Amino acid sequence: MFLSNMISFLDMLSFIDEVDEYGKPKVFSMKYVTCGRTRGEGGNIVTVDACRKSIVRKKKKQGFIEKLKSAATGSHKSEKRVHMNYVVCGTHNVRAVALRLIIEFNGHQVFH
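Residues numbered from 1 in each chain as written. Predicted model: local features only at pLDDT ≥ 70, side-chain atom pairs only at ≥ 80, totals over all residues. Heavy atoms only, no water.

**What about the pairing of strand S3 (residues 41–53)?**
We apply this condition: By this definition, two strands are paired if DSSP reports at least two bridges between them. Secondary structure elements follow DSSP: runs of H or I no shorter than four residues count as helices, runs of E no shorter than two count as strands, and numbering proceeds from the N terminus.
One ladder, built from seven bridges, connects strand S2 (residues 28–36) with S3; its direction is antiparallel. From the neighbouring strand, valine 33 faces S3, where its bridge partner is isoleucine 45. Counting the residues that bridge the hairpin from S2 to S3 gives four residues, and of these glycine 40 lies at a positive phi of roughly 70°. Strand direction decides the pairing type here: S3 and strand S4 (residues 83–88), joined by three bridges, are antiparallel. Residue pairing in the sheet places arginine 52 in a bridge with valine 87 of S4.

**Brief notes about the sheet that holds strand S5 (residues 94–98)**
In plain terms, the rule: Between N-to-C directions, angles cover 0 to 180 degrees, with each direction set by a line fitted to C-alpha atoms, over the stretch in contact for helices. Should any heavy atoms of two residues lie within 4.5 Å, those residues are considered in contact.
Spatially, seven strands are ordered S1-S7-S6-S2-S3-S4-S5 in an open sheet, and the strand pairing comes out mixed. Where the open sheet ends on each side, the last strands, each with one partner, are strand S1 (6–8) and S5. Strand-to-strand twist in this sheet, taken as the mean axis angle between neighbours without regard to direction, amounts to 35°. In the packing of helix H1 (residues 9–17) onto the sheet, contacts are made with S1, S2, S3, S4, strand S6 (102–105) and strand S7 (108–111), and the angle to S1 comes to roughly 80°.

**A look at the packing of aromatic side chains**
Put simply, the test is: Any Phe, Tyr or Trp ring, taking Trp's six-membered ring, that has another such ring centre within 6.5 Å forms a pair; planes under 30 degrees apart are called stacked, those over 60 apart edge-to-face, and the others tilted. Burial status follows relative accessibility: with a 1.4 Å probe on protein chains alone, a residue under 20% of its type maximum counts as buried, one over 50% as exposed, and anything between as partly exposed.
Within this structure, the stated rule accounts for three aromatic pairs. Ring centres 5.6 Å apart and planes at 75° place the aromatic pair phenylalanine 15 and phenylalanine 105 in the edge-to-face group. Here phenylalanine 105 lies in strand S6 and phenylalanine 15 lies in helix H1, a separation of 90 residues in the sequence. According to the relative accessible area criterion, phenylalanine 105 is buried, its value standing at 1%. Centre to centre, the rings of tyrosine 32 and tyrosine 86 are 6.2 Å apart; their planes meet at 70°, and the pair counts as edge-to-face. Residue tyrosine 32 is found in strand S2, and its partner tyrosine 86 is found in strand S4; the two are separated by 54 residues along the sequence.

**Section: H1**
As a reminder of what qualifies: Working note: the arc is built from the helix axis to C-beta atom directions.
Residues of H1 that are buried: Phe9, Met12, Leu13 and Ile16. In a view along the axis of H1, the buried residues occupy a sector of 100°, so they form one face of it. In this structure, the buried residues of H1 make contact with S1, S2, S3, S4, S6 and S7.

**Here's the deal with the environment of phenylalanine 9**
Here phenylalanine 9 shows up in helix H1. Between the C-alpha atoms of phenylalanine 9 and phenylalanine 105, which are 96 residues apart in sequence, the distance is 9.5 Å. Contacts of phenylalanine 9, omitting those with residues within four sequence positions, involve Leu99, Arg100, Val110, Phe111 and His112.

**With respect to the pattern of salt bridges**
Condition: Whenever a carboxyl oxygen of Asp or Glu lies within 4 Å of a side-chain nitrogen of Lys or Arg, that contact is scored as a salt bridge.
In the structure shown here, the tally under the stated rule is three salt bridges. We note a salt bridge from aspartate 17 to lysine 53, for which the minimum N-O separation is 2.9 Å. With aspartate 17 in helix H1 and lysine 53 in strand S3, this residue pair connects regions lying 36 residues apart in the sequence. Residue classification places lysine 53 among the partly exposed residues on the basis of a relative accessible area of 24%.

So, to be careful, I would describe these as geometric facts and stop short of saying anything about function.
Dropping the structure here:
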């Protein structure tokens with residue numbers, strides 16, 4: 001069937017948020033398209049074979065969450081996120097990706 005090799009955007013976000021039995025984010029693979037609107041660059045497809053969601057701990061300014069809630073649209077909490085930080089397994093380099101630019105997740109095409 002046509003949809004057997006596809007995953008919805010919200011299902012992808014749910015999987016990204018899952019943790020294993022040790023409390024670490026689960027390992028996944030993805031392909032995404034690069035994009036640099038201000039410089040007019042991008043369009044390259046980046047393949048990441050094994051990575052995890054990076055947990056970045058920063059001090060947040062007071063009122064930051066309230067600003068996010070008022071600015072966000074959509075009913076699902078995951079729809080408010082725009083970017084995700086990830087770490088390629090075996091390295092300590094943290095990279096960022098715009099979630100809407102992910103075109104393939106764990107071998108499944110992402111549809112929005």
